[in-house]
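Chains, contacts and geometry: an overview
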Protein chains: 2
Amino acid sequence: MDLLILTPLAAIVALIAAFILAKSVLSAPTGDEKMNDIADAVKEGASAYMNRQYTTITYVAVAIIAVFAAIAFTQEGQASTTWWWTTIGFAVGALFSALSGYAGMSIAVRSNIRVAEAAKSGLPGALKLAFNGGAVSGLAVAGLALLGVAGFFYLFDSVLGLADPVNPLVGFAFGSCLISLFARVGGGIYTKAADVGADLVGKVEAGIPEDDPRNPAVIADNVGDNVGDCAGMGADLFETYAVTVIGALLLGYFLIPEMANPSEIANFMKLVEFPLYLGAFAIIASIISVFFVRMGKDNNIMKALYKGMYASAAISLVGFAWITHSLFSGFDFSLITLEIGGVVGLPLDTTWLDLFLASVVGIFVVVTLVLITEYYTSTKYSPVRKIAKSSETGSATNIISGLAVGMESTLVPTLILVVALFLSYSLAGMYGIAIAAVAMLSVTGMIIAMDTYGPITDNAGGIAEMSNLPDSVRENTDALDAVGNTTKAVTKGYAIGSAALAALVLFADYIFNLQKAMGEEKIVFLLNDPVVLTGLFIGAMLPFLFSSFLMEAVGRAAGAVIEEVRRQFREMPGIMKGETRPDYGACVDIVTKSALKEMVIPGLLAVFAPLIVGFLFGPLALGGLLIGVIASGLMMALMMSNGGGAWDNAKKYIEDGNHGGKGSPAHEAAVVGDTVGDPYKDTAGPSINPLIKVINTVALIFAGLIASIGGILL
Amino acid sequence: MDLLILTPLAAIVALIAAFILAKSVLSAPTGDEKMNDIADAVKEGASAYMNRQYTTITYVAVAIIAVFAAIAFTQEGQASTTWWWTTIGFAVGALFSALSGYAGMSIAVRSNIRVAEAAKSGLPGALKLAFNGGAVSGLAVAGLALLGVAGFFYLFDSVLGLADPVNPLVGFAFGSCLISLFARVGGGIYTKAADVGADLVGKVEAGIPEDDPRNPAVIADNVGDNVGDCAGMGADLFETYAVTVIGALLLGYFLIPEMANPSEIANFMKLVEFPLYLGAFAIIASIISVFFVRMGKDNNIMKALYKGMYASAAISLVGFAWITHSLFSGFDFSLITLEIGGVVGLPLDTTWLDLFLASVVGIFVVVTLVLITEYYTSTKYSPVRKIAKSSETGSATNIISGLAVGMESTLVPTLILVVALFLSYSLAGMYGIAIAAVAMLSVTGMIIAMDTYGPITDNAGGIAEMSNLPDSVRENTDALDAVGNTTKAVTKGYAIGSAALAALVLFADYIFNLQKAMGEEKIVFLLNDPVVLTGLFIGAMLPFLFSSFLMEAVGRAAGAVIEEVRRQFREMPGIMKGETRPDYGACVDIVTKSALKEMVIPGLLAVFAPLIVGFLFGPLALGGLLIGVIASGLMMALMMSNGGGAWDNAKKYIEDGNHGGKGSPAHEAAVVGDTVGDPYKDTAGPSINPLIKVINTVALIFAGLIASIGGILL
């Protein structure tokens, strides 16, 4: 029997587990009619937005499919087959990415009301329910990603027996990250435009509390949590998973020596299959780990959530040791292709233990990244407290301090990543880096669960507030939500950290693709070559430009919301008295339109920037661009995600009664910081991960064409 | 006669011209006693700070001299000689850098009062006087830089006949940029801590206008303009000039083939001398251009200032054509060393015209960078107006918009630089890039003049305000000052743009030094080598970490000022009534101490980061670090300088009566943006240029040692 079939099967098991867990979540009671009214409004708004978002994206996807199909027509032989399967892979990747987004959103808009209801009877039950809601999303997303990659590979390799069963997967990778980019960008703009708009008129101008039902933008705000934080994040981690595994598969495939005979190739295919087996085991570990999340006697919520993540990492590690030993204990590495553009692919003296240790490096990265992110964004440590203190002297010093904390927070993650890079490369060459990146994925399910948990509890609080539930309910949801900012920041740190490693693997794949396309010619990327540097500078600039677009977009869309809310307050004076129901739909509609309009240009920038640089300045400049965008994107993403999280929690820390508490001048200053942090951490910052991936996969797909043209300006 | 003697002589002519111009500025009337009182307080505060700053820096410099001397002792033969002269060069470079800072500060604190007096009788006279004050600084700084480089080279080559007359110059480069870094950092912290502190308590809390004599921090604020914007900037552009020319000299020297015979070498030395001749001609052009600055009938101040810059560029270009033709029209390039780490040093088919065109590229960079910077920071264009408009919805949207403008402003300068890189490299290899960078220096004198002009008029306004001169005087100084934000942003864009090109030349020099140290072994920096990437990621992170230190430092120091001002208001109620003179000295003292304390760690970070990476991970990682710090530093510097300038002018635009004018909610929001922009644009942003240079020169100096160790962890 072909053991490989186990890998898509494990994914299906995860999907079934997600389904069963979803049934159990949905069986929880949903509360009274008023609660249901509100929850329904949020659900409808979210579904309506998602439908329109994916309709818009479909146009882009169809255009790309047309271009790919046209290219496939012009090619011949194996190139044509590869392009056809790339096209199909793209379509399926896009579809799965959309499904991941839907899965995250659907369960979240159904869990929130049930969590609000459960919060009536205490913290532990509500925590469990909220986490389980998140876990549905986590298992579904990771399951879909593994199913897509493992299923396609099984189809190409074992069923169809394609001569090149690996390269068409890049289409799947591209589809998944392109759609994720749009979902992250569109959802990110939606959620923050609604949030900023609702806050600025509601809290600041009208002086009504957050989630007050008199605020016409309140439903849009709650919709935003679901389409941005749940759907966008689900799509984002879907592509993180898919692209990382595909990058590793490709690298393993490229390492197989060209002169190997069929039986040798069958043996070497283990290098390709290895990442899939790791993923399959990890996803089963994730299912088991769901049961580890429960609150101890200390009522420590963060600790309860961490239990799941640590369990999943620990179980995975045991499995990884077993898998690595089984596959590679007697493996002969001495025939491996050694060099990738002058760099070691896989050393001759590699052992199974080296590969296992490379996976340990990946787990080390996850754990340390999580801890350092918590340090920078939790109310318990000095960075957040420093921002809170600086709020005493006004919003300007709050902003200066938050910017500084964001910038400073690049230090340790960068050091963690370079140590990981250095160690995994020393252990097992470029392939070691790929394995470390894949090992990081083992906790994807739990990370998504922790992240989705945040907006579920946030929404639960909103529903409690809007349906006038007793204060004790809101207190419980607030307690649950308090760690939400940190878990969200953790997810982003995790995603960008894994992106950095994965992108380096993709870069190695890119070099392989170029070498294949250019035949005998060796391709070497010199750091001091002005052509390479041309690309590198442009690449380093792109995350800045991209972030600027997104920040501006949020500003513009929020402005439209503000005007609409002001109009409603002006024209319907009954709203503030609580006599007239505001026109929630009008706000939802405005944010929807704005988000869809604003998401297109940044998305196209990601696709066209590498193509323009590649076709104008050639493959060397494009390589420089890839590294430039990784290096500067990593810093920007860390700065914005952590800085924004710290601002948000500095406000929460003040609201907890420090520096004068709610309503004090310090609190007012902290609200400004929080508002600035919103597009920083929830729109621009998290969109950089898919940005990097889209640019890398575009480069991979077009490497052959670009190599054959070689740069129009050269 | 050795024509080379003309190059230090031209520098001396510039210094004499500066002296004569200074005499003419100082002969202008100084106004009444009250004005003199205030101006004297500023002068004394500035001198006191500068003395203490340079005393502190002296400790660092002496420590470095001791280390260098110790290394020189351990070396033998030519290496020992080179290290000794490097040590002496370091000391002289440090001294000259300090002198440049002094020159900028001294003339500024004497011009301000005279400009205030001249403003009584109209705009044109005051403009001319303020610009001439700036021009003294410009000619002095450029003159000192050229004198140092050309004088040392003449000494080493023509007088002492050193076997290696070029490498010891790196000591001079290191000395100049290290001291400049401290001056930029210390001065930047000083000026912004005083500014932010004075504004937050004075304007925001006490509700008194800017420059009100009742504000105890007002003198410190005015002192800050001089020690930060004048002295810091003077030192900064001094090192920009010195390091760029030295980088070009080194590259020219390395291109000389090792097997050349003495007469061939004499001929090839033209490549080394060429940058010096360009500098000598340009400095004479600068002297002439001073006379071009005068206001037309349209009263357009910016245009008047640009006349000087364009004149200087145009005259230089004519001279460059003549010099290039004279030196290279019959030159045989076919013996040149072709390769630097796999990259073309100077193509065999280079002609004098190619070299001249490379210098045209440099001028093109200056002009386009100036124009794009003006676009992003002037009240006339949409970026600043967008920020002003977004202030209507509060400080949060103002900040979001300003952050976005800063990020967006990286696009065009990056494209300008990569086009320049690509063109100058296509024309004449790496040497072409060096010549483009040197050509950029031709306008240094004028740029410094335009920049110093800003704080002079700013201070003149302060003196007018504090000594109760008629409103018409303040109006005139305000009109002059309005373009000051733009000219200051222009200077920073210019400095960082030139730093990017110069740093690439230094990187080529670094590779040459490594190759020399490693003998036969070829050194190749592969972009996909994880060791190189380790350095590259760390390098990309450094500008973020460095900026974070500086932003925090300003926050802390400003906090100390705020507390002191509050204390004075509290304990001396007579101050607000105008009956008691505030204790200005106490504030000056506090800022001085804070700035000196805070400047040490960022300074040491710049020195030790490359050493740690180099000695731990070896020369390849250090090379990666150099490129990483250039790429991300370029973006950060552009973002912060332009963003800060735009914030400042958005406030000015509102104060001009737009969006509600002074005192409106939009104005209040814009003040917050301006305050955030202060450390952004005047502390962190401009310090990145010397940061990049220090890291590069440290790498150059220690290349040999690091190559011999090769990385402890490898």
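What counts, and at which threshold
Residues numbered from 1 in each chain as written. Chains lettered and ligands numbered in written order. Predicted model: local features only at pLDDT ≥ 70, side-chain atom pairs only at ≥ 80, totals over all residues. Heavy atoms only, no water. UniProt positions renumbered as here; feature names shortened; annotations may be inferred. Helix = DSSP H or I, 4+ residues; strand = E, 2+ residues; numbered from the N terminus. Contact = heavy atoms within 4.5 Å. Buried < 20%, exposed > 50% of the residue type's maximum accessible area, 1.4 Å probe, protein only. Expected span 1.5 Å × (residues − 1). Bend = angle between axes of the 7 residues up to and from the residue. Phe/Tyr/Trp six-rings, centres within 6.5 Å; stacked < 30°, edge-to-face > 60°. Least-squares fit on C-alpha atoms with pLDDT ≥ 70 in both. Salt bridge = Lys/Arg side-chain N within 4 Å of Asp/Glu carboxyl O. Axes fitted to C-alpha atoms, helices over the stretch in contact; angles between N-to-C directions. Parallel < 35°, antiparallel > 145°, perpendicular 65-115°, else oblique. Left-handed = near helix turned anticlockwise from the far one by under 90°. Buried area = accessible area lost by both parts, 1.4 Å probe. Polar contact = N/O pair within 3.5 Å; in protein donor to acceptor, adjacent residues only side chain to side chain. Nonpolar A, V, L, I, M, F, W, Y, C, P; charged D, E, K, R; others polar.

Here we look at the UniProt feature "site: Determinant of potassium independence" (unreviewed entry) in chain A
All names here are of chain A. According to UniProt, the positions carrying the feature "site: Determinant of potassium independence" (unreviewed entry) are Lys 488. When you line up the elements, Lys 488 lands in helix α15 (residues 484-517). Setting aside residues no more than four positions away along its own chain, Lys 488 makes contact with Asp 229, Asp 451 and Asp 682.

Side note on the environment of B:Arg570
Residue and element names in this part refer to chain B. On the secondary structure map, Arg 570 appears in helix α16 (residues 530-571). For Arg 570, a relative accessible area of 59% puts it in the exposed group. Separated by 44 residues in the primary sequence, Arg 570 and Leu 526 have C-alpha atoms spaced 63 Å apart.

Some points on the side chain of A:Ser395
Along the chain, A:Ser395 turns up in helix α11 (residues 395-408). The buried category is assigned to A:Ser395, whose relative accessible area is 14%.

Regarding unusual backbone geometry
Apart from glycine, the bulk of residues carry a negative phi angle, and the bulk of peptide bonds sit in the trans form. All names here are of chain A. In this structure, Asn 468 takes a positive phi of about 55° despite not being glycine. If you trace the backbone, Asn 468 turns up in the loop between α13 (444-466) and α14 (471-482). The exposed category is assigned to Asn 468, whose relative accessible area is 56%.

Examining helix α5 (residues 169-206) of chain B
Residues and elements named next belong to chain B. For α5, which comprises 38 residues, the first-to-last C-alpha distance of 53 Å matches the rise-based estimate of 56 Å (1.5 Å per residue) to within 8%. Approximately 25° is the largest bend angle found in α5, and it occurs at Asp 199. Counting buried positions along α5 gives 34 out of 38 residues, so the element sits mostly inside the fold. Following α5 by one or two positions, Gly 207 has its phi on the positive side, about 70°.

Some points on the packing of aromatic side chains
All names here are of chain A. With the rule as written, the count across this model stands at 55 aromatic pairs over all chains. An angle of 55° between the planes, with centres 6.4 Å apart, marks the rings of Tyr 253 and Phe 254 as tilted. Look at Phe 254 and you get buried, because its relative accessible area is 9%. The rings of Trp 85, Phe 96, Phe 152, Phe 156, Phe 172 and Phe 238 are connected pair by pair, giving a single aromatic cluster.

Focus on helix α17 (residues 584-655) of chain A
All names here are of chain A. With 72 residues, α17 ought to run about 106 Å at 1.5 Å a step, yet its terminal C-alpha atoms sit only 28 Å apart, falling short of that. Taking the largest bend as the criterion, α17 deviates by roughly 135°, centred on Gly 618, and proline Pro 619 comes between one and four positions later. Among the 72 residues of α17, 58 are classified as buried, and the element is accordingly described as predominantly covered. Backbone geometry just downstream of α17 places Gly 657 in the positive-phi region, at approximately 110°.

Concerning the relation of the copies chain A and chain B
Under the fitted operation, chain A is carried onto chain B by 0.0 Å of movement along the axis and a turn of 180°, and the coordinates agree to an RMSD of 0.0 Å. Taken together, the rotation and translation describe the operation of a two-fold axis. Counting the interface residues of chain A, we find that 100% of their copies in chain B are interface residues as well, pointing to one common contact surface.

As for the pattern of salt bridges
Residues and elements named next belong to chain A. Under the counting rule described, the total for this entry stands at 56 salt bridges over all chains. Salt-bridge contacts for Arg 52 lead to Asp 589; the nearest nitrogen and oxygen are separated by 3.3 Å. Note that Arg 52 is positioned in helix α2 (residues 33-74) and Asp 589 in helix α17, a separation of 537 residues in sequence. A salt bridge links Glu 374 to Lys 380; its shortest N-O distance comes to 3.7 Å. In this structure Glu 374 comes out as buried when scored by relative accessible area, which is 7%.

A word on the packing of helix α3 (residues 77-118) of chain B against helix α13 (residues 444-466) of chain B
Helix packing for two helices is described by the angle between their axes and how far apart those axes are. All names here are of chain B. Two elements in contact, α3 and α13, have axes whose closest approach is 8 Å; the angle formed by their N-to-C orientations is 45°. Between α3 and α13, the angle is such that the two are oblique. The interaxial crossing formed by α3 with α13 has right-handed handedness. Note on element contacts: α13 touches α3 through Thr 452, Ile 456, Asn 459, Ala 460 and Ile 463, opposite Gly 104, Ala 108, Ser 111, Asn 112, Ile 113, Val 115 and Ala 116.

Section: the interface of chain A and chain B
Contacts between the two partners involve 71 residues from chain A, matched on the other side by 71 residues from chain B. Summed over the three residues of chain A that lose the most area to chain B, namely A:Phe422, A:Leu527 and A:Phe537, the buried surface amounts to 12% of that side. The tally of links between chain A and chain B comes to two salt bridges. Put simply, B:Glu552 and A:Lys386 hold a salt bridge, and the shortest N to O gap is 3.2 Å. The tally of links from chain A across to chain B stands at six residue pairs in polar contact (both at pLDDT 80 or more). Elements represented by at least two residues in the side of chain A that touches chain B include exactly α11, α12 (411-440), α15, α16 (530-571), α17 and α18 (665-709) of chain A. With 18 residues, the single largest contributor to the side of chain A that touches chain B is α16(A). A per-class count over the side of chain A that touches chain B returns 52 nonpolar, 14 polar and five charged.

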